[in-house]
Amino acid sequence: MQYYSLNKKAPNVSFKDAVIKGLAPDKGLYFPKKITPLPKDFFNQIDCFSNEEIAFEVIKQFVGDEIPEIALKKIVSETINFDFPIVKINDNIATLELFHGPTMAFKDVGARFMARCLAFFNKQENTTKVTVLVATSGDTGGAVASGFLGVKGVNVVILYPSGKVSNVQEKQLTTLGQNITALEVNGTFDDCQAMVKRAFLDEEIISNKNLTSANSINVARWLPQMFYFFFAYKQLKNKEKNLIFSIPSGNFGNICAGMMAQQLGLPVKQFIASTNVNDIVTNYLKTGKYIPKLSKQTISNAMDVGNPSNFIRILEIYNNDISTLKKHLSSYSFTDNETREAMKELKQKYNYIADPHGAVGYLGLKKYLTKSNVQGIFLETAHPVKFLDVVEPVINETIKLPTQIKEVIEKEKVSIKISKYEELKHFLLSS
């Protein structure tokens, strides 16, 4: 499989090179040159396949022959060795829980898949050390730290905004040690992301370091998120209803992966990008003007993104035609107060405890749904325990700590504080 830069000013590369480079030399995100829909029989018989078989069929064309079939099947199996259950809310609404992995967030899948692909390539080539540089608004950091922990030949450097991630999220990315380093940035997620992007374009750094990214800009982090949507479809009892997905959206990698699943033939009627007050895409669909803004801090912090990196991939899928895009994508934004009310409603009316991001997804689905012959699914992207300071006061209930959280919550935080890009550059060149 060949990948091209969305800025169209760099040579095409292989899957391996796209994974290792992360970002193209012309600053563009990589995108697969060809998308071949899966055969109709695959969807007709999807109930007969295991999740591992489904995921392998979905991803294999994007990897090509660069990872042998046996090795790719092993990577897939190790990536998704936990559950992805659908939980019914009412007759027309259900939630797909994506928090049953090691760090209790949906990003576990992409992080684990990428880590294993990178480990395979390193083993085959016996290459020099790779430095994974990643910015996080919350869950990415913990998932990447867990996914890459102990991977030989890979060092991980995670930038996160000081005071703007939850206590659990911070512990998950600052307590592991080994090949994981956390840089605590005096700023916002957008500041962290800007530093990472600048580092990838810094000749002095890239001539001395083999850098790659584990944000959803990396194809090996982004594409495996397609699996969720196929797993959800498999579990539907009535596949004749129009299928609607509402996705809590920040950097737009997850919803973009859903749209890729649709390109492969998954019968999705509509996608809803449900956002908090960081409403850049919501406004774009209203006005036709894409205007990045400084991100605003909210209780759904993983979506506090003022310039979503993956939206350019969504535009590419629909040939940069906003009228075509609108046929497949709706977007609504919600305030923190509306999010709290949704969490309260889900608990009181349906006895379901949602995290703030899932609650935003629920709100978007409710706002869109007007017809009865519809199956709406909102993605619950993180376990509510990761946001105890937000969730417990709203539902007036104490949430029991799962094993995954107990393992890190009492550990000592270790981070390096930085404020400027020059400090990141110095760290990378001296480490």
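Quick caveat, the model's predicted, so the values are computed rather than measured. (Residues numbered from 1 in each chain as written. Predicted model: local features only at pLDDT ≥ 70, side-chain atom pairs only at ≥ 80, totals over all residues. Heavy atoms only, no water.)

(A) View of the overall build of the protein chain. Scanning the protein chain for helices and strands turns up 20 helices and 14 strands. A globule of 431 residues ought to have a C-alpha radius of gyration of about 22 Å, and the protein chain, at 20 Å, matches this closely. Expressed as lengths along the three principal axes of its C-alpha atoms, the size of the protein chain is roughly 60 × 50 × 45 Å. A buried classification covers 59% of the 431 residues belonging to the protein chain. Across the protein chain, the fraction of contacts at a sequence separation of at least 24, relative to all contacts at a separation of at least 6, is 76%. Working note: accessible area of the protein chain is about 17,400 Å², and carbon and sulfur atoms make up 47% of it. In the protein chain, 51 positive and 43 negative side-chain charges are present, and the distance between their average locations comes to 3 Å. (Helix = DSSP H or I, 4+ residues; strand = E, 2+ residues; numbered from the N terminus. Rg over C-alpha atoms; globule rule 2.2 N^0.38 Å. Buried < 20%, exposed > 50% of the residue type's maximum accessible area, 1.4 Å probe, protein only. Contact = heavy atoms within 4.5 Å. Areas by Shrake-Rupley, 256 points an atom, 1.4 Å probe, with all protein chains shown as cover. Lys, Arg positive; Asp, Glu negative; His and termini not counted. Charge placed at Lys NZ, Arg CZ, Asp CG, Glu CD.)

(B) Looking closely at the side chain of Ser 14. Within the secondary structure, Ser 14 is located in strand β2 (residues 13–14). Ser 14 gets classed as buried once you look at its relative accessible area, which sits at 17%. Beyond its immediate chain neighbours, meaning those up to four positions away, Ser 14 contacts Met 1, Gln 2, Tyr 3 and Glu 66.

(C) Geometry of the environment of Glu 53. For Glu 53, the location among the structural elements is in helix α3 (residues 51–63). For the pair Glu 53 and Phe 231, spaced 178 residues apart in the sequence, the C-alpha separation amounts to 11 Å.

(D) Expanded view of helix α13 (residues 280–287). Within the span of α13, buried status applies to Ile 280, Val 281, Thr 282, Tyr 284 and Leu 285. Buried residues along α13 sit in contact with β11 (270–275), α14 (311–317), α15 (322–328) and β12 (329–333).

(E) View of the pairing of β12. β12 sits mainly inside the fold: 4 of its 5 residues count as buried. Where β11 and β12 come together, 5 bridges link them in parallel fashion. Each residue of the ladder has a partner; that of Ala 273, found in β12, is Ser 331. (Pairing = 2+ DSSP bridges.)

(F) Geometry of the pairing of strand β5 (residues 93–97). For β5, the buried fraction is high: 5 of the 5 residues fall into the buried class. Burial along β5 is two-sided: the residues Ile 93, Thr 95 and Glu 97 and Ala 94 and Leu 96 are all buried. Of the strand pairs in this sheet, strand β4 (residues 86–88) and β5 are connected by 3 bridges, and their pairing is antiparallel. Bridge pairing links Lys 88 to Ala 94 in β5. What sits between β4 and β5 in their antiparallel hairpin is a turn of 4 residues. As judged from the 5 bridges shared by β5 and strand β13 (residues 374–380), these two strands associate in the parallel manner. Looking at the pairing, Thr 95 lines up with Phe 378 of β13.

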